[in-house]
Amino acid sequence: MAYTLRPVSADDLPMLRRWLQSPAAREWWGDPDEQYALLEEDLSNPLMRMRIVSLDGRPFAYVQDYDVGSWPQDHLARLPRGTRAVDTFIGEPQMVGAGHGSAFLRLVAEALIGEGAPCVAIDPDPANERARRAYARAGFVEEGLAPTPEGPAVLMVFKG
């Protein structure tokens, strides 16, 4: 299987809007309209790297990463300077639960480390057990529960 990543463009916004309305994205990302507005806003922000993940040329997921110093959050403050935080979701429902999330997320984390990030972190909701298992298969290790303004999160750090 060949996973590829490419930058999000304005042409991707309708697809992202549709993906945000999928059951899995709604459950963990929240209100699709609110999240769409944030993605649309971030599209012009050079501090946020937004990418579409494709499998054999077919787009199916979204992933973003940013330097934790660009958006300071208390639960990420102890991580080394230059750490990249990652957020992701699979937008095509038939691709959920098939091992794709852990596979492409490992590639993303390895690429970020290869680019010089000292650490890669992700912070799922404690109740999102499917994501936590996928992230663990990708090489992320749980470091503990952390409070955030949106509620508790599980801090997970990539160990490879």
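The structure under discussion appears in the preceding block.
A brief structural summary.

The rules behind these values
- Residues numbered from 1 in each chain as written.
- Predicted model: local features only at pLDDT ≥ 70, side-chain atom pairs only at ≥ 80, totals over all residues.
- Heavy atoms only, no water.
- Pairing = 2+ DSSP bridges.
- Helix = DSSP H or I, 4+ residues; strand = E, 2+ residues; numbered from the N terminus.
- Axes fitted to C-alpha atoms, helices over the stretch in contact; angles between N-to-C directions.
- Contact = heavy atoms within 4.5 Å.
- Phe/Tyr/Trp six-rings, centres within 6.5 Å; stacked < 30°, edge-to-face > 60°.
- Lys NZ or Arg CZ within 6 Å of the ring centre and 35° of its normal.
- Core = buried A, V, L, I, M, F, W, Y, C linked by side-chain atoms within 4.5 Å.
- Buried < 20%, exposed > 50% of the residue type's maximum accessible area, 1.4 Å probe, protein only.
- Arc of directions from axis to C-beta.
- Polar contact = N/O pair within 3.5 Å; in protein donor to acceptor, adjacent residues only side chain to side chain.

**Things to note about the sheet that holds strand E1 (residues 3–7)**
Thought 1: Read across the sheet, 7 strands follow the order E1-E2-E3-E4-E5-E7-E6 without closing on themselves; strand pairing throughout is mixed. On the outer flanks of this sheet lie E1 and strand E6 (140–146), each paired with one strand and no other. Within the sheet, the average angular offset between the axes of one strand and its neighbour, ignoring direction, is 30°.
Thought 2: In terms of strand pairing, E6 meets strand E7 (residues 153–158) through 6 bridges, oriented antiparallel. Along E7, the bridge assignment pairs glutamate 142 with methionine 156.
Thought 3: Sheet strands touched by helix H1 (residues 13–20): E1, strand E2 (48–55), strand E3 (58–67) and strand E4 (84–90). Its angle to E3, the strand with the most contacts, is close to 90°.

**Digging into the packing of aromatic side chains**
Thought 1: The final tally for this structure, using the stated rule, is 8 aromatic pairs.
Thought 2: Arranged with centres 5.8 Å apart and planes meeting at 80°, the rings of phenylalanine 60 and phenylalanine 104 form a pair that is edge-to-face. Taken together, the residues phenylalanine 60 in strand E3 and phenylalanine 104 in helix H4 (residues 100–114) connect sequence positions 44 residues apart.
Thought 3: Ring-pair connections join several aromatic residues into one group, and the members of that group are Tyr3, Phe60 and Phe104.
Thought 4: The cationic tip of arginine 17 hangs over the ring face of tyrosine 36; the distance from NZ or CZ to the ring centre is 3.7 Å.

**Here's the deal with the nonpolar core**
General note: in soluble globular proteins, nonpolar side chains tend to be found buried as a group.
Thought 1: Of all hydrophobic cores here, the largest spans 25 residues; its most connected members are Phe60, Phe104, Tyr135 and Phe140.
Thought 2: Elements represented by at least two residues in this core include exactly E2, E3, E4, H4, strand E5 (120–122), helix H5 (129–138) and E7.
Thought 3: Among the elements that make up this core, the one with the highest residue count is H4 (5 residues).
Thought 4: Setting aside residues no more than four positions away along its own chain, phenylalanine 60 makes contact with Tyr3, Trp19, Val53, Ser54, Leu55, Ile90, Gly91, Glu92, Met95, His100 and Phe104.
Thought 5: With 24 residues, the next largest nonpolar core counts Met15, Ala25, Ala121 and Leu155 among its residues.

**Points about helix H3 (residues 32–42)**
Thought 1: Taken residue by residue, H3 has Pro32, Gln35, Tyr36, Leu39 and Asp42 as its buried positions. Considered in projection along H3, the buried side chains sweep an arc of 130° and stay on one side of the axis.
Thought 2: Structurally, H3 contributes buried residues whose contacts are with H1, helix H2 (23–29), E2 and E3.
Thought 3: Two or three places before aspartate 33, at the start of H3, stands the capping residue aspartate 31, its side-chain oxygen 3.3 Å from that residue's backbone nitrogen.

**What to know about the side chain of asparagine 128**
Thought 1: Following the sequence through the fold, asparagine 128 ends up in the loop between E5 and H5.
Thought 2: A polar atom in the side chain of asparagine 128 sits 3.1 Å from the backbone nitrogen of alanine 131.

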